[in-house]
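# Structural overview
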Amino acid sequence: MSIEFRSGLGWDTHKLTTGRPLILGGVRIESPKGLAGHSDADVLSHAITDALLGAAALGDIGTHFPDTDPQWKGVDSLQLLHHAVQLVRMGGRRIVNIDANVILEKPKLQDYRLAIRESLAKTLGITVDRVSVKFKTAEGMGPAGKGQSAEAQAVATIAVTVG
């Protein structure tokens, strides 16, 4: 038997709007604007969920949690991520690490980094040193750069025993 490593890429974007909380990686961020979406619109958790599903070749977030299904309305995105973790593990796979970027002009997020990493690590069932979250701006370009949206990108690496 041998171990193979597989990677998956996730990406998500949501529009910023007033009257909604800004939640990233399950952590509520102080902000006058939040993200619009069917669930709590946590772009970071969504990107990681897609990355995990992709690494395990299990489809995407829309396949498992369609925005046309009322049961996902307003749901905490960590629940979606937890479900994806269970799907990955059911196949005998294990999560090696996560590397993610959040693209958002304001607010600045550096003071939330550890809380976000800890929240994600707990949901993923891995140690915090296996979760990297970086914060970027779009330098005033595109919807994220103009403060109209937030984006997140993630890469998940999983290990699979084969043979």
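Our subject is the structure listed above.
So, here is what we can say about the structure in this document. This is a predicted model, so every value here is computed, not measured.

### Notes on the overall build of the protein chain
- Per the secondary structure count, the protein chain includes five helices and seven strands.
- Its helices and strands in sequence order give the protein chain the pattern β-β-β-β-α-α-α-β-α-β-α-β, from N to C terminus.
- Radius of gyration (C-alpha) of the protein chain: 15 Å, near the 15 Å computed for a compact globule of 163 residues.
- Each of the three principal axes of the protein chain carries a C-alpha extent, and together these read 50 × 35 × 25 Å.
- Counting only residues that meet the buried cut, the protein chain has 46% of its 163 residues in that class.
- For the protein chain, the proportion of contacts with a sequence separation of at least 24, taken over those separated by at least 6, is 72%.
- Carbon and sulfur atoms make up 53% of the accessible area of the protein chain, which amounts to about 8,200 Å² in all.
- Charge-centre separation for the protein chain: the mean point of 18 positive side chains lies 2 Å from the mean point of 17 negative side chains.

### What to know about the layout of surface pockets
- Approximately 210 Å³ is the volume attributed to the largest pocket.
- The wall of the largest pocket is formed by Asp12, His14, His38, Ser39, His46, Ile61, Gly62, Phe65, Pro66, Asp67, Trp72 and Leu80.
- Broken down by secondary-structure element, the contributors of at least two residues to the lining of the largest pocket are β1 (2-18) and α2 (61-64).
- Looking at the lining of the largest pocket residue by residue, the class counts come to five nonpolar, five polar and two charged.
- Within this model, the second largest pocket holds a volume of roughly 150 Å³.
- Surrounding the second largest pocket, Leu16, Ser31, Pro32, Lys33, Leu104, Glu105, Lys106, Pro107 and Gly147 form its lining.

### Concerning the pairing of strand β6 (residues 131-136)
- Only one face of β6 is buried: it carries Val131, Val133 and Phe135, and the other face, with Ser132, Lys134 and Lys136, is open.
- Remark: the strand β5 (residues 94-103)/helix α4 (residues 113-124)/β6 crossover connection has right-handed handedness.

### Side note on the pattern of salt bridges
- Taken as a whole and assessed by the stated rule, the structure comprises two salt bridges.
- Between arginine 6 and glutamate 4 there is a salt bridge, and its shortest N-O distance comes to 2.8 Å.
- You can call glutamate 4 partly exposed: its relative accessible area is 33%.
- Between lysine 134 and aspartate 99 there is a salt bridge whose closest N-O contact spans 2.5 Å. One end of the pair, lysine 134, is in strand β6; the other, aspartate 99, is in strand β5, with 35 residues separating them in the sequence.

Rules used in this analysis
- Along each chain, residue indices are assigned from 1 in the same order as the chain's sequence is written.
- Thresholds applied to this predicted model are a pLDDT of at least 70 for local features of residues and 80 or more for the giving and counting of side-chain atom pairs; totals over whole chains, interfaces and linings are not thresholded and use all residues.
- Think of the side-chain values as coming from all heavy atoms in the structure, minus any hydrogens and water.
- Strands are runs of DSSP state E lasting at least 2 residues, helices are runs of H or I lasting at least 4, and numbering of each runs from the N terminus.
- Each radius of gyration is computed over the set of C-alpha atoms, and the globule rule expresses the reference value as 2.2 Å times the number of residues to the power 0.38.
- Type-normalised accessible area, obtained with a 1.4 Å probe on protein chains alone, sets the label of each residue: buried when under 20%, exposed when over 50%, and partly exposed for intermediate values.
- Here, residues are in contact when the closest pair of their heavy atoms is within 4.5 Å.
- Calculation of accessible area relied on Shrake-Rupley with a 1.4 Å probe; when residues are assessed, cover is drawn exclusively from the protein chains displayed.
- Charge assignment: positive for Lys and Arg, negative for Asp and Glu; neither His nor the chain ends contribute.
- Think of each charge as sitting on NZ of Lys, CZ of Arg, CG of Asp or CD of Glu.
- We place a 1 Å grid over just the protein atoms. Points where a 1.4 Å probe fits but has no way out form a cavity, open points with protein on both sides within 12 Å along at least 5 of 7 lines form a pocket, and any residue with an atom within 4 Å of a point lines it.
- Grid points are joined across faces, edges and corners, and a volume is the space filled by probe spheres set on the points.
- The nonpolar class holds Ala, Val, Leu, Ile, Met, Phe, Trp, Tyr, Cys and Pro. Asp, Glu, Lys and Arg form the charged class, and all remaining residues, Gly among them, are polar.
- By convention, orient the strands away from the viewer: a clockwise path from the first strand over the helix to the second makes the crossover right-handed.
- Within this document, salt bridges are pairs made up of a side-chain nitrogen of Lys or Arg and a carboxyl oxygen of Asp or Glu, the two lying within 4 Å of each other.

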